[in-house]
Amino acid sequence: MTMEFLDYEVLRLIWWVLLGVLLIGFALTDGFDMGVAALLPFVARTDGERRMVINTIAPTWEGNQVWFILGGGAIFAAWPFVYAVSFSGFYLAMFLVLAALILRPVGFKYRSKKPDKAWRTRWDWALFVGGFVPALVFGVAVGNVLSGAPFRLDGDLRATYEGTLFGLFTPFTLICGLLSVAMLVLHGAAWLSIKAEQGPVRERAQRFGLIAAAAVLLLFAVGWVFVATGGYGYKLIGAVDPVGPSNPLRGTAVAASGAWLTNFAVYPWMMIAPVAGFLGAVVAAFGIRTRRDLLAFVGSSAAAKGIIATVGLAMFPFILPSSIDPHSSLTVWNASSSETTLEIMLVVVVVFLPLVLAYTAWAYRVMFGRVSERQVLNSPDSY
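Residues numbered from 1 in each chain as written. Predicted model: local features only at pLDDT ≥ 70, side-chain atom pairs only at ≥ 80, totals over all residues. Heavy atoms only, no water.

Visitor: How should the overall build of the protein be read in this particular structure?
Guide: A count of helical and extended segments in the protein gives 14 helices and six strands. Counting only C-alpha atoms and orienting by the principal axes, one finds that the protein spans roughly 65 × 45 × 40 Å. In the protein, buried positions account for 51% of the 383 residues. Approximately 17,500 Å² of the protein is accessible, and the part contributed by carbon and sulfur atoms is 70%. (Helix = DSSP H or I, 4+ residues; strand = E, 2+ residues; numbered from the N terminus. Buried < 20%, exposed > 50% of the residue type's maximum accessible area, 1.4 Å probe, protein only. Areas by Shrake-Rupley, 256 points an atom, 1.4 Å probe, with all protein chains shown as cover.)

Visitor: Sorry, what's going on with the nonpolar core here?
Guide: The nonpolar side chains of a soluble globular protein tend to be buried with one another. One finds W15, V53, W79, L186, V216, W260 and L330 to be the most contacted residues of the largest nonpolar core, which totals 108 residues. Among the elements that line this core, the one with the most residues is helix α1 (residues 8–43), at 17 residues. The residues touching L186, leaving out its near neighbours within four places in the chain, are G209, A212, A213, V216, A281, A284, I288 and S300. (Core = buried A, V, L, I, M, F, W, Y, C linked by side-chain atoms within 4.5 Å. Contact = heavy atoms within 4.5 Å.)

Visitor: Help me out: how do you make sense of the environment of V97 in this one?
Guide: If you trace the backbone, V97 turns up in helix α6 (residues 91–110). Classification of V97 by relative accessible area gives buried; the value is 1%. Here the alpha-carbon distance between V97 and V140, two residues 43 residues apart in the chain, equals 12 Å.

Visitor: Honestly, the layout of surface pockets in this entry has me stumped. Any pointers?
Guide: Empty space within the second largest pocket amounts to approximately 760 Å³. If you go around the second largest pocket, you meet 32 residues; those closest to its centre are F32, T60, W191, K195 and Y364. Elements with a contribution of two residues or more to the lining of the second largest pocket: α1, α2 (47–57), α8 (171–195), α12 (293–315), α13 (339–366) and α14 (373–378). If one sorts the elements of the lining of the second largest pocket by residue count, α1 sits on top with six residues. (1 Å grid on protein atoms, 1.4 Å probe; cavity = no way out; pocket = protein on both sides within 12 Å on 5 of 7 lines; lining within 4 Å. Points joined across faces, edges and corners; volume = space filled by probe spheres on them.)

Visitor: When you look at empty space enclosed by the protein in this model, what are you seeing that I'm missing?
Guide: Rolled over the atoms, a probe with the dimensions of a water molecule shows which regions are left empty. The tally for this structure, following the rule as stated, stands at three cavities of 30 Å³ or more. In this structure, the largest cavity encloses a volume near 80 Å³. Every residue lining the largest cavity is listed: F90, A93, M94, V97, V137, F138, V140, A141, N144, L168 and F169. Of all elements in the fold, only α6 and α7 (117–147) reach the threshold of two or more residues within the lining of the largest cavity. Of the residues contributing to the lining of the largest cavity, the split by class is 10 nonpolar, one polar and no charged. (Nonpolar A, V, L, I, M, F, W, Y, C, P; charged D, E, K, R; others polar.)

Visitor: Would you explain the pattern of salt bridges in this entry?
Guide: Close approach of charged atoms allows side chains of opposite charge to pair. Under the defined criterion, the tally for this structure stands at 11 salt bridges. E162 serves as the salt-bridge partner of R152, at 3.0 Å between the closest nitrogen and oxygen. Here R152, found in strand β1 (residues 151–153), pairs with E162, found in the loop between β2 (159–161) and α8; they are 10 residues apart in sequence, far enough to count as distant. Across the salt bridge formed by R202 and D293, the nearest N and O atoms sit 2.7 Å from each other. Residue R202 is found in helix α9 (residues 200–229), and its partner D293 is found in helix α12; the two are separated by 91 residues along the sequence. Exposure class is identical for R202 and D293. Each is buried. (Salt bridge = Lys/Arg side-chain N within 4 Å of Asp/Glu carboxyl O.)

Visitor: Can you help me understand a nonpolar patch on the surface in this one?
Guide: A surface patch of nonpolar side chains, amounting to about 570 Å² of accessible area, comprises I344, V348, V350, V351, F352 and L355. Mapped onto the secondary structure, V351 falls in helix α13. Exposure remark for V351: the relative accessible area of 45% places this residue in the partly exposed category. (Patch = residues over 30% accessible without salt bridge, like charges linked within 9 Å, V, L, I, M, F, W, Y side chains within 5 Å.)

Visitor: Help me out: how do you make sense of the packing of α8 against α9 in this one?
Guide: Working note: a packed helix pair is described by the angle between its axes plus the distance between those axes. Between α8 and α9, the shortest axis-to-axis distance is 7 Å and the interhelical angle comes to 150°. The orientation of α8 with respect to α9, classified from their angle, is roughly antiparallel. Between α8 and α9 lies a crossing whose hand is left-handed. Of the residues assigned to the contact of α8 with α9, the class counts are 20 nonpolar, four polar and one charged. (Axes fitted to C-alpha atoms, helices over the stretch in contact; angles between N-to-C directions. Parallel < 35°, antiparallel > 145°, perpendicular 65-115°, else oblique. Left-handed = near helix turned anticlockwise from the far one by under 90°.)

Visitor: For this particular structure, what's the right way to read the packing of α1 against α12?
Guide: For the pair α1 and α12, the least separation of the axes is 10 Å and the interaxial angle reads 145°. Read as a crossing pair, α1 and α12 show a hand that is right-handed. Residues W16, L23, I24, A27, L28 and F32 of α1 lie in contact with α12, whose contacting residues are F297, S301, A304, K305, I308, G312 and L313.

Visitor: Explain the packing of aromatic side chains to me, please; I cannot follow it from the model alone.
Guide: Working definition: an aromatic ring pair is given by the centre-to-centre distance plus the angle between the planes. Evaluated as defined, the whole model comprises 29 aromatic pairs. Taken together through their ring pairs, the aromatic side chains of F42, W125, F128, F132 and F208 make up a single cluster. (Phe/Tyr/Trp six-rings, centres within 6.5 Å; stacked < 30°, edge-to-face > 60°.)

Visitor: Any chance you could explain the environment of V181 here in plain terms?
Guide: Relative to the assigned elements, V181 resides in helix α8. Sequence spacing of V181 and G230 is 49 residues, and the spatial spacing of their C-alpha atoms is 22 Å. Setting aside residues up to four positions removed in sequence, V181 forms contacts with F132, A135 and L136.

Visitor: How do you make sense of helix α4 (residues 66–78) when you look at a structure like this?
Guide: In an α-helix, one turn spans 3.6 residues; hence positions three or four apart end up facing the same way. With 13 residues, α4 ought to run about 18 Å at 1.5 Å a step, and its terminal C-alpha atoms sit 18 Å apart, in line with that. Buried within α4 are the following residues: W67, G71, A74, I75 and A78. Take α4 and look down its axis: the buried residues cluster within an arc of 100°, on one side only. Exposed side of α4, more than 90 degrees from the buried face: I69 and F76 are the residues found there. Packing partners of the buried residues in α4 comprise α1, α3 (61–64), α5 (80–89) and α13. (Expected span 1.5 Å × (residues − 1). Arc of directions from axis to C-beta.)

Given below as structure tokens:
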């Protein structure tokens, strides 16, 4: 099937947008799962309270994680060069994330199998690791993408990665990582405000939510200053062919301090993204403070959307720049799959993505409502 009305340039743009949509979908759904898990040891003190917190996310976490799989699949199919370089270069970091995520299903299943307090406490901290570590590493990864990854491509397009695991952690990338944690903890606190019964757990979650909202505002502002003054940014020079063949070596890119803010100056409408990031955190804090639970969740969702969109819009058309050989940088125009592949996949997305969204909405509607400690303790199906 050919789409005569969509040329290669438009298809590439559509898949760049779809990649952003999938990443935002992951942050909005599995994001609050990670936020709740990171809050678990701090907002719940008794065994009953902790079981209640776990059961606010246990029914939906598996479905939410589908967005993570979809995002990885989209990168593999639509942006094969990006997949090859990032998943091989960041291999140890990805392994760390996967190891932490594996603790989540195991923790859910095994935590309450034994009445032993020490046993359950260890699994509670395992669930904390399963929420905190991925949130931190994902943010650090974004920071490294903004900084540029240390890879180069040879004449046969074979990638050589020259970085190390510990080299991923710099002051700027740690700011990005902590921003990611704060953003998802805020989202998790807003989710607990909606799902947890009135009581101490909900009140503690709201207190942590206010702290997380303040941290989001501070870290997002500090990150913006780093990007503006810290020598970060890349730009394309010379002619750019948006419909040319996918060959990362056919264009020329150079490092340019402050270049990540150029798009916002050229296209002022893009400022909607960072404004949404800041205002979302403010709205979330206001909603938490005034006990307007739905408003808090809408605000935390807007903050996540705005922060992620800010990164994508700032970098466009770059997807993964190279810090040691800018000429090898991967962009929307030089790193995609073939036109035919993008067309076929777009048909699949048009057919199946609405089904995924409809099923997700139905599942949340069925499981809507607050979770109480008494309900959890009296239900044999609860974790």
